[in-house]
Amino acid sequence: MKAIPVLSAINTRHKAGWAVFLLTGILLVWGCGPSPEEAASAADKRIYGAIEKATKKAGLEQNDYYRLDDPNQREAVRAVLPQNSVLTLTQAAAMAVTYNRDYLLERDNLFQLASGVTDIQHLYEIIPGGSIQEDYLRQDGQETVGTAGGLGLGLRQLLAAGTQVGANLSLTCFDLLSGGDGSIKSGFASVFSATVTQPLLRGASRKAVLETLTQAERDLLYQIRYFNRYRKTFLVTVLQTYYETLQFYDQMNNARRYYLTLAEIHRQTQKQAAVGRVPLFEVEQTYQDQLDALNTYIDLRNDYGQMLDTLKTMLAIRPDTELVLDIQELEALKASDFAELNFSEEAAIQAALNQRLDLANAADRVLDAQRHVEIAAEMLGADLALIGTTSVGSFGASPDDLRRTEDMYNLSLRMDLPLDRKAEQNRYRLTLAELMQNQRTHQGITDQVIQEVRSAFRNLRTAHEQYRLALNAQELAQKRMHNTLRLQKVGRANMRDVLDAHEDYYEAQENATDALVEYAVAALNLYLATDTLKVQPDGQLLKSADSFGNSMPNNN
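In every chain, residue numbers begin from 1 and rise along the written sequence. This being a predicted model, a pLDDT of at least 70 is required before a residue's local features are given, and a value of 80 or more before pairs of side-chain atoms are given or counted; all residues contribute to the totals for chains, interfaces and linings. Only hydrogens and water are removed before side-chain values are computed, so all heavy atoms of the structure are retained for them.

### Considerations on the packing of helix α6 (residues 101-122) against helix α8 (residues 211-274)
Taken N-terminus to C-terminus, the directions of α6 and α8 make an angle of 165°; their axes are 9 Å apart at the nearest point. When the axes of α6 and α8 are compared, the pair comes out roughly antiparallel. Crossing geometry of α6 relative to α8 is assigned as left-handed. For this classification, Asp, Glu, Lys and Arg are treated as charged, while Ala, Val, Leu, Ile, Met, Phe, Trp, Tyr, Cys and Pro are nonpolar and the rest, including Gly, are polar. Here the contact of α6 with α8 is built from residues that sort into 14 nonpolar, four polar and six charged. Here the axes come from fitting lines to C-alpha atoms, over the contacting stretch only for helices, and the angles between their N-to-C directions go from 0 to 180 degrees. Strands here mean DSSP runs of E at least two residues long; helices mean DSSP runs of H or I at least four residues long; both are numbered from the N terminus. Angles are sorted into four bins: roughly parallel if under 35 degrees, roughly antiparallel if over 145, roughly perpendicular if 65 to 115, and oblique for all others. The sense of a crossing depends on the near helix, which, turned anticlockwise from the far helix by less than a right angle, makes the crossing left-handed and, turned clockwise, makes it right-handed.

Now the structure itself:
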């Protein structure tokens, strides 16, 4: 074969040019490629910027709740548990928004959607491109062999006016040897080309050109609102579970104290029966009530363990981790000022209509549908585009000897008549249906919001009244228990009266705790229904500054 000796005979005066040419291309490729760390950092900057912009547009407070954490720290839950194994309400809220798997999935979904928005934003930016190519040429029929290398650079951009701009510059260096006469042909060539396309009718409006970006950014806005609403709902669920677990803990302790009280009464009754002061059946009555109290305590102990494991799972804590809840949180609720409600149902409804994020999403989707109708109507017309192209080439034996070749310029007007617009007609009709559907959805969510607020308001008012009654009943049952004990000592009350009084006092304590937790949960649910909750970065829930009332306790 002649290829190898022929290639070695190629004119050596171009070797230096080839080296510089290839080295330039390699450096360009090496310099343009980011490291994995740089790529992740650059992507985070763009994505977080898009989220911050949408958060600001939504009128929400800026914080870092959407930032991804280090995956290597996901298993650090045990390290943040308190050393005394007492988990406070504040710690539970912070752990919930840091480690709960469902919450992190929703946060990741927000991050993923924001990433897609930055991809679409990039379509409207200047997009560079480049390529390097090296070829070995051989044509057996004419015994021509050689090498050629090329470097191409270009850019393109879609402007808001619908203008599509593209430009390319290609540089080629080659060495060819003809087998017929053994002559070597070497040279350089450069070609610059550009194309500009401007739509004039169909799809030429700024609204139509930017629709893909506009809808993507609005979808991100909706996801921001959804996620903020989800955070509040999720944290209310966490706090409700914490309070209900505390409720079981308090009830379990009450049942234990009740059992110990009955055990002491049984011992005293046995002593009295031994000397003939009380009949034997009263001893049996006290023992029977003691066994019932023990059975109640065992059931509540099991229920408390189940609820505590449920709470641990919500906080991504292994169920076999030993911890207890802070009973002082329940005492803080008991010490709250349960004043009369000083706000109306109408004020609560108006607050919800002004602040509910899901209602804001529904209203904005109606505007989206109206925009879709306008764009679909525009797409029914004819296509008319102005297209301009140019191509400028140069050729020479070396980079210093480039000479212009024949240049080309072209300006054309292209029209596509609207002879077949069936798909566009269907699309237009569907956008009208979409508009009506979104209007109905907005009306439905408005009614749902009002219904939720009315229900939450009634539940809070009922819980407020029931807690007042439960406190009065507890106080009355305690007085009755003490009075019955005094009467029993002077023979004016029997053991059954004493046991009934103790049982009523125990049940009154249980009812008071139930009513207290119901009130706390009802208050949270009303805040949630009206969207007047404010979530701190550490997961704490606070009343917003424009809350409609100040009679409900601050639960944090």
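### What about the pattern of salt bridges?
For salt bridges, the criterion is a side-chain nitrogen of Lys or Arg within 4 Å of an Asp or Glu carboxyl oxygen. Inspection of every chain in the model, using the stated rule, returns 24 salt bridges. Note that Arg218 and Asp364 form a salt bridge whose closest N and O atoms lie 3.9 Å from each other. Placement of the pair is Arg218 in helix α8 and Asp364 in helix α12 (residues 357-378), with a sequence separation of 146 residues. Here Arg218 falls in the buried class, since its relative accessible area comes to 13%. Think of it in three bands: residues with accessible area under 20% of the maximum for their type are buried, residues over 50% are exposed, and the middle band is partly exposed, with areas taken using a 1.4 Å probe on protein chains only.

### Re α6
The length a helix should cover is 1.5 Å for every residue beyond the first. For α6, spanning 22 residues, the distance from its first C-alpha to its last is 31 Å, which sits close to the expected 32 Å at 1.5 Å a residue. Polar contact is the term for a pair of N or O atoms within 3.5 Å; when the atoms are in protein, one must be able to donate a hydrogen and the other to accept it, and sequence-neighboring residues count only if both atoms are side-chain atoms. Its side-chain oxygen placed 3.0 Å from the backbone nitrogen of Asp102, Asn100 serves as the N-cap of α6.

### Details of unusual backbone geometry
Located in the positive-phi region is Ala316, a residue other than glycine, with phi close to 60°. Along the chain, Ala316 turns up in the loop between α9 (280-314) and β6 (324-325). Since its relative accessible area comes to 12%, Ala316 is described here as buried.

### Looking at the environment of Glu217
If you trace the backbone, Glu217 turns up in helix α8. A relative accessible area of 27% means that Glu217 is categorised as partly exposed. Every residue in contact with Glu217, bar those within four places of it in the chain, is listed here: Lys53, Val117 and Gln121. Contacts between residues were defined by any pair of non-hydrogen atoms, one from each residue, lying within 4.5 Å.

### Quick word on the confidence of the model for the protein
On a scale of 0 to 100, pLDDT captures the predictor's confidence in every residue. Mean pLDDT over the protein works out to 85, with 83% of the residues at or above the 70 mark. Averaged pLDDT values for the elements of the protein fall to 40 in helix α1 (residues 3-8) and rise to 96 in α12. Contacts of residues 1-18 to residues separated by more than four positions or lying in other chains number 25 contacts, the stretch itself having pLDDT below 50. Below a pLDDT of 50 lies the segment residues 549-556, which in the model reaches 31 contacts outside its immediate sequence neighbourhood of four places, other chains included.

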